[in-house]
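# Coordinates in review
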Amino acid sequence: MRSRQTPCGSMPGRRGLRLPAVGILLLLPFLPPPLPPAAPAPHRAAYKPVIVVHGLFDSSYSFRHLLEYINETHPGTVVTVLDLFDGRESLRPLWEQVQGFGEAVAPIMAKAPQGVHLICYSQGGLVCRALLSVMDEHNVDSFISLSSPQMGQYGDTDYLKWLFPTSMRSNLYRICYSPWGQEFSICNYWHDPHHDDLYLNASSFLALINGERDHPNATAWRKNFLRVGRLVLIGGPDDGVITPWQSSFFGFYDANETVLEMEEQLVYLRDSFGLKTLLARGAIVRCPMAGISHTAWHSNRTLYETCIEPWLS
């Protein structure tokens, strides 16, 4: 029988061609040097999951471009565009929406011990800010507020004309600051600078998350909000819907309709829900962009690369 040959250096005890030890020593000077050990493949930490919350009259389909951008620049990122309160359902009271969105984001956060990112558009930015206030154990790294009326809304827009065709901004407070009006999401953040007392007494949402009205949970909500790693504020002068547009940066009108910037607002000066503390620790990023209309914020590639992509670690 012919024996089956095996490579030099096979395990002892296996049959095959074996060179004498002297022969091996004579060949050593002519053998190529051994290859260095292969360098280990570089390890790249996985990107944190991204959760997207839509705005008024939107649906998850509105964010298909944003989803494409994230997949291109941060491949492998788990992105969840929450499909809740779509279309006219987005008019439901905001506390009802906060509860629904909260039930949806909790399991995503639980599976991401390293943290998550929130991208929240328009009205959705207020929903997300409330979530950060009421969730005791949230792990949000970056909260990206995309053209959201964070200090409220006071403007005649197509949305308002469709909802309240016989009202203008000057008299809409009569509806919004009634118990019936507070059943509409828009009225939950309607902020009439000429009727501040009515706003403070009647607002069932914005005045509470702003800490402008005393309530038993104010201290706990502030503590929860300050768990956020970074607050990214995005908006611009050509938005056309958010009024004043500086509301996206926590600016708002005074009684003379002069815009006061964030640092001039009482909620900042009193640090009622944590803005001043966040700014002091360098955790607030402001990214104003001109030339973008309200419905284009989540589909503009330049805006994404400038104001969103850098914070999706």
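Calculation notes
Residues numbered from 1 in each chain as written. Predicted model: local features only at pLDDT ≥ 70, side-chain atom pairs only at ≥ 80, totals over all residues. Heavy atoms only, no water. UniProt positions renumbered as here; feature names shortened; annotations may be inferred. Salt bridge = Lys/Arg side-chain N within 4 Å of Asp/Glu carboxyl O. Helix = DSSP H or I, 4+ residues; strand = E, 2+ residues; numbered from the N terminus. Buried < 20%, exposed > 50% of the residue type's maximum accessible area, 1.4 Å probe, protein only. Core = buried A, V, L, I, M, F, W, Y, C linked by side-chain atoms within 4.5 Å. Contact = heavy atoms within 4.5 Å. Pairing = 2+ DSSP bridges. Axes fitted to C-alpha atoms, helices over the stretch in contact; angles between N-to-C directions. Parallel < 35°, antiparallel > 145°, perpendicular 65-115°, else oblique. Left-handed = near helix turned anticlockwise from the far one by under 90°. Nonpolar A, V, L, I, M, F, W, Y, C, P; charged D, E, K, R; others polar. Right-handed = clockwise from strand over helix to strand, strands pointing away. pLDDT = per-residue confidence, 0-100.

Under an unreviewed UniProt entry, the name given to the chain is Lysosomal thioesterase PPT2, and the source organism is Nyctereutes procyonoides. As stated in UniProt under Catalytic activity (unreviewed entry), the record for the chain gives "S-hexadecanoyl-N-acetylcysteamine + H2O = N-acetylcysteamine + hexadecanoate + H(+)".

### Considerations on the pattern of salt bridges
This model, assessed by the stated rule, comprises seven salt bridges. Between arginine 227 and glutamate 137 there is a salt bridge; the shortest N-O distance is 3.9 Å. With a gap of 90 residues between them, arginine 227 in the loop between helix H10 (218-225) and strand S5 (230-235) and glutamate 137 in the loop between helix H4 (123-134) and strand S4 (140-146) connect regions that are remote in the sequence. Given the relative accessible area of 64%, glutamate 137 is considered exposed. Of the charged contacts, one joins arginine 222 and aspartate 271 as a salt bridge, the two residues approaching to 2.6 Å between their closest N and O atoms.

### Overview of the nonpolar core
Of all hydrophobic cores here, the largest spans 61 residues; its most connected members are Phe143 and Leu231. Here this core takes seven residues from helix H3 (residues 94-110), the largest share from any one element. Discounting residues that sit within four places of it in the chain, leucine 231 has contacts with Phe143, Phe225, Phe250, Leu275, Leu278, Ala283, Ile284 and Val285. Core analysis: the second largest hydrophobic core is formed by 24 residues, Phe63, Val79, Trp297 and Ile308 among them.

### Here's the deal with the sheet that holds strand S2 (residues 79-81)
The strand order across the open sheet built from six strands is S2-S1-S3-S4-S5-S8, with neighbouring strands paired in parallel fashion. Both outer strands of the open sheet, S2 and strand S8 (284-288), are each paired with one neighbouring strand and no more. Sheet twist, expressed as the mean angle between neighbouring strand axes with direction ignored, is 15°. Looking at chain direction, strand S1 (residues 50-53) and S2 are connected through three bridges and run parallel. Bridged to valine 52 within S2 is valine 81. Its contacts with the sheet place H3 against S1, S2, strand S3 (116-121) and S4, and it is angled at close to 170° to S1.

### Brief notes about the environment of serine 122
Turning to its location among the elements, serine 122 is positioned in the loop between S3 and H4. Overall, the relative accessible area of 8% leaves serine 122 in the buried class. Spatially, the C-alpha atoms of serine 122 and serine 145 are 7.7 Å apart, while their sequence positions differ by 23 residues. Residues within four places of serine 122 in sequence aside, it is in contact with Gly55, Leu146, Ser147, Ser148, Pro149, Ile242 and His294.

### Considering the packing of helix H2 (residues 64-73) against helix H13 (residues 301-308)
Axis separation between H2 and H13 bottoms out at 11 Å; the angle between their running directions is 55°. Between H2 and H13, the interaxial angle falls into the category oblique. When you trace H2 past H13, the crossing you get is right-handed. Of the residues in H13, those in contact with Leu66, Tyr69, Ile70, Glu72 and Thr73 of H2 are Arg301, Tyr304 and Ile308. Looking at the contact of H2 with H13 residue by residue, the class counts come to five nonpolar, one polar and two charged.

### Comments concerning the pairing of S4
S4 sits mainly inside the fold: seven of its seven residues count as buried. In terms of strand pairing, S3 meets S4 through six bridges, oriented parallel. Across the sheet, residue histidine 117 finds its bridge partner in S4, namely serine 142. Crossover S3 to S4 through H4 is right-handed. Judged from the five bridges that link them, S4 and S5 form a sheet pairing that is parallel. What sits directly across from isoleucine 144, in S5, is valine 232.

### A few points about the confidence of the model for the chain
Summing up the model confidence of the chain, the mean pLDDT is 87 and the portion of residues at 70 or higher is 82%. Counting contacts from residues 1-30, a segment whose pLDDT is below 50, to residues more than four positions away or on other chains yields twelve contacts. Within the model, pLDDT remains below 50 along residues 39-43, and this stretch shows zero contacts once partners closer than five positions in the same chain are excluded.

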